[in-house]
Amino acid sequence: MSNQNNQILKNTNAQILDEFNASIMFDKELYAQDIRGSIAHSQMLAQQGILTSEEQKAIETGLLQVKKEIESGEFKFSLAYEDIHMAVETRLTEIIGEPGKRLHTARSRNDQVATDFRLYVQDKSLSIKEQLKELIETFVNVASKYTTTLIPGMTHLQHAQPLNFGFHLLAYANMFKRDYERFESSYDRNNYCPLGSAALAGTPHNIDRFSSSEKLGFISPTLHAMDTVSDRDFALEILFNISTTMMHISRISEELILWSSYEFQFVRMSDEYATTSSIMPQKKNPDVPELLRGKTGRVYGNLISLLTVMKGLPLAYNKDTQEDKEGVFDSVKTVEISISILNEVIKTMIVNVEKMEQASKIGHLTATDLADYLVQKQNMPFRTAYYITKDVVSLANTLNKDISELNIDEIRKANDELKNISDEIVMYLDLRNSMNARNSFGGTSTIQTENQIKYFEEWLKK
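- As recorded in an unreviewed UniProt entry, the protein goes by Argininosuccinate lyase and comes from Arcobacter lacus.
- Among the UniProt annotations of the protein, the heading Catalytic activity (unreviewed entry) holds the following wording: "2-(N(omega)-L-arginino)succinate = fumarate + L-arginine".
- Recorded in UniProt under Subcellular location (unreviewed entry), the annotation for the protein is "Cytoplasm".

Rendered as structure tokens:
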């Protein structure tokens with residue numbers, strides 16, 4: 001092979017290695033956090049007499065200029081920088097000269113990236129939390145309109161007992177509230193500053209980690225330098241929190257898909273959030289909920305990916321953790337747009353009250369009420385009441401009626417044990433009475449549903 005060919009091969013290999021090794025094309029997402037961390041670090045160094053006041057002012061002014069260049073699109077990212085930290089520092093030094101070379105005193109890229117990434121995760125935990133609060137408010141507002149609207153409650157996707165539709169929607173408000181609390185808890189648990197841990201063992205420079213921490217809005221510095229630079233629990237937590245949120249989004253998406261089908265026709269989605277078939281003009285496809293459901297698998301993959309990266313890493317920092325960011329960036333973008341879109345879908349969906357109430361007359365939803373009545377009013381053992389109720393259901397089927405539509409004479413004919421039953425049983429089998437009878441705390445009655453709405457309205461004001 002000629003020397004020229006050898007050189008071409010070497011250059012090609014070098015380029016491939018640069019592309020393989022560099023993170024600049026994705027960790028540039030952290031530019032704002034990197035600059036924020038560097039300004040705080042420079043202020044602390046000046047406070048400790050490690051930098052002069054003039055050097056610190058030059059560094060801060062230069063960093064703000066770099067930020068402006070990035071946000072205006074003037075800054076050109078290149079693989080030559082390797083990562084966002086070197087990109088910012090290199091440009092800073094071009095702008096201000098010698099003081100820019102002093103910025104990295106008493107820190108390592110190990111604690112720098114840990115700080116930048118943690119700041120990003122903390123920022124996103126807060127913003128996603130607020131998005132969830134808006135989504136919860138939407139569910140509560142819609143639920144408040146349908147506290148008397150009947151819908152069949154299901155188990156095993158089979159008709160079970162009558163609910164009101166507002167109660168059903170509040171189940172999701174509760175799910176998303178737990179998600180909100182997970183992001184809140186993670187934020188509090190991870191609100192500690194890595195800066196100053198240096199490569200893995202701290203630094204001999206006379207720094208003040210508490211000052212840096214305060215400037216960046218953390219509670220205090222992290223406790224152990226070696227753990228700090230290798231820790232990505234905070235990234236795993238946000239991935240888990242996002243995955244759980246997306247699981248809840250997927251569940252309501254599945255119900256929206258079912259409810260909007262011809263078989264159910266409980267809701268109709270706004271044309272903005274549905275599409276027509278390319279060859280069947282009569283169809284209206286729930287593409288948006290289907291995409292929301294599908295994207296859940298994507299964020300699950302990001303969580304499993306980082307868990308797998310971290311599972312065998314020895315202390316302290318390892319290059320493997322460069323693989324920690326892309327999945328987090330992707331999951332954050334996915335959940336942000338998913339929450340936003342679901343919020344609009346729920347706001348704009350059209351509820352078919354008539355179809356819901358018709359469906360409630362299928363499946364004998366008040367059968368349990370008959371059994372409960374026999375236990376409570378006739379002092380029957382539950383198992384006896386259970387089999388008598390089966391006879392009533394069987395009779396209703398032969399008459400092509402729902403159990404809630406039977407009259408007292410029909411009920412008395414179903415079983416000899418019922419021949420003298422009080423006609424008040426007819427009231428107990430009424431669908432709306434059945435729904436309202438479930439008046440225990442957390443139950444589906446209109447009163448309890450309205451109480452839950454009041455609870456959420458108060459919580460949303462906090």
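Let's pick the thread back up.
### Quick notes on the overall build of the protein
- When helices and strands are counted, the protein shows 20 helices and eight strands.
- At 31 Å, the protein has a C-alpha radius of gyration far larger than the 23 Å of a compact globule built from 462 residues.
- Per-residue burial for the protein yields a buried fraction of 49% across its 462 residues.
- Pairs at least 24 residues apart make up 76% of the contacts formed inside the protein by residues separated by at least 6 positions.
- Here the protein has roughly 22,700 Å² of accessible surface; of this, 51% comes from carbon and sulfur atoms.
- Here the protein carries 50 positive and 63 negative side-chain charges, and the mean point of each set is 1 Å from the other.

### Section: the UniProt feature "domain: Argininosuccinate lyase C-terminal" (unreviewed entry) in the protein
- UniProt feature "domain: Argininosuccinate lyase C-terminal" (unreviewed entry): in the numbering of this structure it lies at residues 364-436.
- For residues 364-436, the helix share is 62%, the strand share is 0%, and the end-to-end C-alpha distance is 16 Å.

### Quick word on helix H8 (residues 165-189)
- The terminal C-alpha atoms of H8, which comprises 25 residues, lie 37 Å apart, in line with the 36 Å expected from a rise of 1.5 Å per residue.
- Looking at where H8 begins, the residue whose side-chain oxygen comes 3.1 Å from the main-chain nitrogen of Gly166 is Asn164.

### Thoughts on the UniProt feature "coiled-coil region" (unreviewed entry) in the protein
- Per the UniProt record, "coiled-coil region" (unreviewed entry) is found at residues 401-431.
- Split by type, residues 401-431 is 35% helix and 0% strand. Its first and last C-alpha atoms lie 13 Å apart.

### Things to note about the pattern of salt bridges
- For the structure shown, the criterion picks out 25 salt bridges.
- Of the charged contacts in the structure, one is a salt bridge between Glu254 and Arg293, with a shortest N-O distance of 2.4 Å. In this pair, Glu254 is assigned in helix H11 (residues 233-259) and Arg293 in helix H12 (residues 287-310), connecting sequence segments 39 residues apart.
- One network of salt bridges, in which partners are shared, links Glu82, Asp83, Arg109 and Lys319.

### Comments concerning the environment of Arg209
- Its place among the elements puts Arg209 in helix H9 (residues 209-215).
- Contact partners of Arg209, with chain neighbours within four places excluded, come to Cys193, Pro194, Leu195, Gly196, Ser197, Pro221 and Thr222.
- Polar contacts involving the side chain of Arg209 include one to the main-chain carbonyl oxygen of Cys193, which spans 2.7 Å.

Rules used in this analysis
Residues numbered from 1 in each chain as written. Predicted model: local features only at pLDDT ≥ 70, side-chain atom pairs only at ≥ 80, totals over all residues. Heavy atoms only, no water. UniProt positions renumbered as here; feature names shortened; annotations may be inferred. Helix = DSSP H or I, 4+ residues; strand = E, 2+ residues; numbered from the N terminus. Rg over C-alpha atoms; globule rule 2.2 N^0.38 Å. Buried < 20%, exposed > 50% of the residue type's maximum accessible area, 1.4 Å probe, protein only. Contact = heavy atoms within 4.5 Å. Areas by Shrake-Rupley, 256 points an atom, 1.4 Å probe, with all protein chains shown as cover. Lys, Arg positive; Asp, Glu negative; His and termini not counted. Charge placed at Lys NZ, Arg CZ, Asp CG, Glu CD. Expected span 1.5 Å × (residues − 1). Polar contact = N/O pair within 3.5 Å; in protein donor to acceptor, adjacent residues only side chain to side chain. Salt bridge = Lys/Arg side-chain N within 4 Å of Asp/Glu carboxyl O.

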